[in-house]
Every structure is written in C-alpha cells, then in structure tokens.
Amino acid sequence: MRNRPAVWAVTFVAALTFSADLLAQSKNHASPQSAAAAKPQSAPAPPDISGVWNARSGVYGFASFSKDDPPMTPWGQTQLDAAKPSQGERGVKLSETNDKVYKCATPGVPYIYLQLFPMQIVQTPKEVIEFFEYDHTVRYIFTDGRKHPDDVTPTYNGHSIGHWEADTLVVDTVALNGKNWLDRVGHPESDQMHIVERIRRVDGKSLQVDLTFDDRKSYTKSWTAHIGFQLHPDWEILEHVCEDNLAFESFEK
C-alpha cells in the first residue's frame, strides 16, 4: 500500500502526456470542413465580355444618345446653337460642318461609340481594353483597384477605372478635355463631364452599355442613355486611317 501514491503519480503523468498527444493530433488533423473554412476563398472570375462588337441599337440614327435635347444650361445651349453638325435636324453639308471629327480630330468618349466601325474588347486581370477600328483608337479601363490620379491630364478619352458588380462592369470616367462634342448632332461635352457606364453581356451575342452623363457646365442635371452592341466572332479589326477615308476628300471639296 505504501507504493500506491507513486503509482498514482505515474498514472497521472501518463494521462497528461496522452491528453497532450491527442490535442496535438487534433490540431494537426483538422477536419476537411474546418480546413476549407479556414482557407480564404478566391473571388469568382469576372464575366467574359471580350470579342469584336458593333453598335446596333439604343442610338438615334447613330447620331445621338438622346432623341431630344437634354436639359441645357445657358452655356450648353450657346454651344449647341453654335454647332453645325452633319447629322440631325440641324444637319448641314459636310463642306459647312464645324464637327472637328470631319477634320480628323479624335472623337473621344462617348462620341466614338457612334462611329460606324466595330470595336474589340480585350480583358486582362488588370484592365479592360477597347480597340476601336476607327483611326485605331485605344481606350484603357483599369480594373486593378486604382483611383483616379489627383494630377490626371485631361484627354479625349479621359481617365477610366472600373470594377465588377456581379455580371456588370461599372466604369467611371473623368478628366475629359471637352474639345469635341458628345455626339454627331452637336450636344456639348465640357471638361467637367463625368460619365458612368454599366457594361454587361446580355446574352451570347449582345452587349448592353448604360451611360449616365453628369456635366453641370453643359446640362442642368444628369441624364442617361443606352446603346447595344452585337458580337461578330468572325470579324477582325481592320486598318482605318482618317486621312485616307474618302468621306474627308468630299469634305475638302
């Protein structure tokens, strides 16, 4: 009986050692469900909107984004009154138009959507690129999480950043230089223009672009427009040079 405390001590130490081994094993051999829950889940891949697309709907004779004139400010109305477009109710002859695009100026965003030439969309993990056949214009939409630079230089296409909301690419564009019109009928676009686009693939062959324009120098309130594109998987982007286009030869005459 005098040896029983020693036996108890040995048994107690052995039990502690066995419990520690079980605890270590449970940590090292977590259930598959626990391991899966602990592993960070990667974000789903964005939808594929790549391909060669051509505008097909949502525009008025491929001339304007609005059937009627949007609500204009006095400055905007002055610009519209001074415009001599080749399209629309105020349309004039090509020899009389002051549309700078007919003198080979870059159309810029969003005017270039109304050009009767296709565009190709290419996606990378960091950006969505729009290659326009018209005069080989290229537009970059950055999707890597960056913000608009504080010192961004205004350009014809502006600075565009985008992010995905489910199946829709939301594009925010600022820093437009306001040197060209918004469309073919002379609606103005100032350097205060802010455009938000929501681009989504409606089905296998259709792309929808919903635009919101906010330019308080030109318009009294923001307004919206829509344009549709059709996929042409058998098309490719061809070379188009403005100076070589026959339309401009007739303009010079």
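Here's what I pulled together on the structure shown here. Since the structure is predicted, the reported quantities are computational estimates derived from the model, not experimental observations. (Residues numbered from 1 in each chain as written. Predicted model: local features only at pLDDT ≥ 70, side-chain atom pairs only at ≥ 80, totals over all residues. Heavy atoms only, no water.)

### Describing empty space enclosed by the protein
Gaps left between atoms are located by rolling a probe of water-molecule size over the structure's atoms. For the structure shown, the criterion picks out one cavity of 30 Å³ or more. Estimated volume of the largest cavity: approximately 50 Å³. For the lining of the largest cavity, the class distribution of residues is nine nonpolar, two polar and no charged. (1 Å grid on protein atoms, 1.4 Å probe; cavity = no way out; pocket = protein on both sides within 12 Å on 5 of 7 lines; lining within 4 Å. Points joined across faces, edges and corners; volume = space filled by probe spheres on them. Nonpolar A, V, L, I, M, F, W, Y, C, P; charged D, E, K, R; others polar.)

### Some details on the packing of aromatic side chains
According to the stated counting rule, one finds seven aromatic pairs in the structure shown. Arranged with centres 6.4 Å apart and planes meeting at 10 degrees, the rings of Tyr-140 and Phe-142 form a pair that is stacked. Its relative accessible area of 18% is what places Phe-142 among the buried residues. Site record: aromatic cluster; members linked through ring pairs are Phe-65, Phe-213, Tyr-219 and Trp-223. Over the face of the ring belonging to Phe-142 we find Arg-146, whose NZ or CZ atom lies 3.9 Å from the ring centre. Cation over ring: Lys-217 sits above Trp-75, and NZ or CZ is 4.6 Å from the ring centre. (Phe/Tyr/Trp six-rings, centres within 6.5 Å; stacked < 30°, edge-to-face > 60°. Buried < 20%, exposed > 50% of the residue type's maximum accessible area, 1.4 Å probe, protein only. Lys NZ or Arg CZ within 6 Å of the ring centre and 35° of its normal.)

### Here's the deal with the state of the cysteines
Inspection of every chain in the model, using the stated rule, returns one disulfide. A sulfur-sulfur separation of 2.0 Å characterises the disulfide bridge that pairs Cys-104 with Cys-242. Disulfide Cys-104-Cys-242: the torsion about the S-S bond is -95 degrees, which places it as left-handed. Highlighted residues: Cys-104 in the loop between helix H3 (74-82) and strand S2 (119-123) and Cys-242 in the loop between strand S9 (223-231) and helix H4 (246-252), separated in sequence by 138 residues. (Disulfide = S-S within 2.5 Å. Helix = DSSP H or I, 4+ residues; strand = E, 2+ residues; numbered from the N terminus.)

### Considerations on the sheet that holds strand S6 (residues 168-174)
In space, the nine strands of this closed barrel follow the order S1-S2-S3-S4-S5-S6-S7-S8-S9, with mixed pairing throughout. Sheet twist, expressed as the mean angle between neighbouring strand axes with direction ignored, is 30 degrees. As judged from the two bridges shared by strand S4 (residues 137-142) and strand S5 (residues 159-165), these two strands associate in the parallel manner. Within the sheet, the bridge partner assigned to Ile-141 lies in S5 and is Ser-160. (Pairing = 2+ DSSP bridges. Axes fitted to C-alpha atoms, helices over the stretch in contact; angles between N-to-C directions.)

### Some thoughts on the pairing of S2
Across three bridges, strand S1 (residues 51-57) lies against S2 in antiparallel orientation. The partner of Val-52 across the bridge, within S2, is Gln-120. Looking at chain direction, S2 and strand S3 (residues 127-132) are connected through five bridges and run antiparallel. Considered in S3, the bridge of Ile-121 is made with Glu-130.

### Brief notes about the pattern of salt bridges
If you walk through the whole model with that rule in mind, you get six salt bridges. Across the pair Arg-216 and Asp-214 runs a salt bridge, and its minimum N-O distance is 2.7 Å. Judged by relative accessible area, Asp-214 falls into the partly exposed class, the value being 25%. One network of salt bridges, in which partners are shared, links Glu-130, Arg-139 and Glu-197. (Salt bridge = Lys/Arg side-chain N within 4 Å of Asp/Glu carboxyl O.)

### So, the side chain of His-159
Topologically, His-159 is positioned in strand S5. A distance of 2.9 Å separates polar atoms of two side chains, one belonging to His-159 and the other to His-148. (Polar contact = N/O pair within 3.5 Å; in protein donor to acceptor, adjacent residues only side chain to side chain.)

### A word on unusual backbone geometry
The peptide bond linking Val-109 to Pro-110 adopts the cis configuration, its omega dihedral lying at 5 degrees. Tracing the sequence through the fold places Pro-110 in the loop between H3 and S2. With a phi angle near 55 degrees, Asp-135 is a residue other than glycine that sits in the positive phi range. Looking at the element boundaries, Asp-135 is found in the loop between S3 and S4. Its relative accessible area of 27% is what places Asp-135 among the partly exposed residues. Positive phi values are uncommon outside glycine, yet His-136 reaches one of about 50 degrees. Assignment of secondary structure puts His-136 in the loop between S3 and S4.

### With respect to the environment of Asp-81
Here Asp-81 shows up in helix H3. Each C-alpha atom, one on Asp-81 and one on His-187, is 9.4 Å from the other, the two residues being 106 residues apart in sequence.

### Thoughts on the environment of His-194
Tracing the sequence through the fold places His-194 in strand S7 (residues 194-203). Exposure remark for His-194: the relative accessible area of 27% places this residue in the partly exposed category. Polar contacts involving the side chain of His-194 include one to the side chain of Asp-172, which spans 2.7 Å.

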